[in-house]
Amino acid sequence: FEFLAFNLYNPILSDKAVRQAIAYGIDRENLMKELLYGKVVLSDLPIIPGSWLNCLDSTLRPFDSEKAKKLLDESGWRKVDSKLYKSINGRRVLLELDLLVNDDNEIRTKVADRISEQLREIGIVLNVKAVPWEEVMSLIKSHKYDIAFLGCRIPSIPDISYLYSDSYLEPIMTEGGENARNIAGYNNTDVARYIDQIFTETDKDRQKALFFNMKQIIDNDIPYVGMYFYNNAVIYNKRVR
């Protein structure tokens, strides 16, 4: 599962309107058709397509550049010389951010460049910063990044707690090293309560209802921008029958 993680400690990205505008300003259908050649499945959340929660796929966030521009305008971002500025804590700030990506992932880098082009259309300056993987991890751990383009493997049981629960704000140590964690620093007590209820609820319909209610909160907060799942592939010799 590929996603963008916001650094919620960043003063610009602590503005929910900016996160929402970025999410609406990314045309994932365009990325899928022109760069990924249909080899992915779009998804807002790290829930495997085809799972019992797959019915929620119908609520995928659409691309809407006009809505993105409106969100920024309503939040107080004003255009000066074709760039957006806002006063934050008494200081005039330019809406310019870095997108962190590991330089050994050619596809991810190409997608990052296209995202930068798309966001330029709504007035957001997004600089792609391609660095070695070790540096990506170091910058994330120290919260010295704006947005990080990452990917992770998803458990077969629907579970988003490792990205959205406050109990995962610190890295979890395993035998293989650090495990996935709440990289963005997202902390919403309502979401944490829903996660606990989903794990303890045994009725599937009730679980779906709880998950749908939780998703509405997450869709509004947008601590991450869900991108897509890569399809698995099996390669075999043509002689195999």
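Further up the page is the structure itself.
So, empty space enclosed by the protein
At step 1: Applying the stated criterion across every chain, the model contains two cavities of 30 Å³ or more.
At step 2: Looking at the second largest cavity, its volume works out to about 60 Å³.
At step 3: Lining of the second largest cavity is provided by D44, L45, R61, Y164, I218, D219, I222, Y224 and G226.
At step 4: Elements represented by at least two residues in the lining of the second largest cavity include exactly α8 (204-221) and β11 (224-230).

Observations concerning unusual backbone geometry
At step 1: A positive phi is found at D81, a non-glycine position, where the angle reads about 55 degrees.
At step 2: Structurally, D81 can be placed in the loop between β3 (78-80) and β4 (83-88).
At step 3: The phi angle at S82 is positive, at roughly 70 degrees, despite the residue not being glycine.
At step 4: Structurally, the position occupied by S82 is in the loop between β3 and β4.
At step 5: What makes S82 exposed here is its relative accessible area of 58%.

Focus on helix α4 (residues 106-120)
At step 1: Under the 1.5 Å per step criterion, the end-to-end length of α4 is 22 Å for 15 residues, consistent within 8% with the ideal 21 Å.
At step 2: When we look at burial in α4, the residues that qualify are R108, T109, V111, A112, R114, I115, S116, Q118 and L119.

Some remarks on the packing of aromatic side chains
At step 1: One pass over the full model with this rule turns up six aromatic pairs.
At step 2: Between F3 and Y224, the aromatic rings sit 5.7 Å apart at their centres with planes inclined by 80 degrees, giving edge-to-face as the arrangement. Placement of the pair is F3 in strand β1 (residues 2-6) and Y224 in strand β11, with a sequence separation of 221 residues. By the burial criterion, F3 is buried, and Y224 matches it.
At step 3: The side chain of R92 reaches across the aromatic face of Y85, ending 4.0 Å from its centre.

Procedures and definitions
Residues numbered from 1 in each chain as written. Predicted model: local features only at pLDDT ≥ 70, side-chain atom pairs only at ≥ 80, totals over all residues. Heavy atoms only, no water. 1 Å grid on protein atoms, 1.4 Å probe; cavity = no way out; pocket = protein on both sides within 12 Å on 5 of 7 lines; lining within 4 Å. Points joined across faces, edges and corners; volume = space filled by probe spheres on them. Helix = DSSP H or I, 4+ residues; strand = E, 2+ residues; numbered from the N terminus. Buried < 20%, exposed > 50% of the residue type's maximum accessible area, 1.4 Å probe, protein only. Expected span 1.5 Å × (residues − 1). Phe/Tyr/Trp six-rings, centres within 6.5 Å; stacked < 30°, edge-to-face > 60°. Lys NZ or Arg CZ within 6 Å of the ring centre and 35° of its normal.

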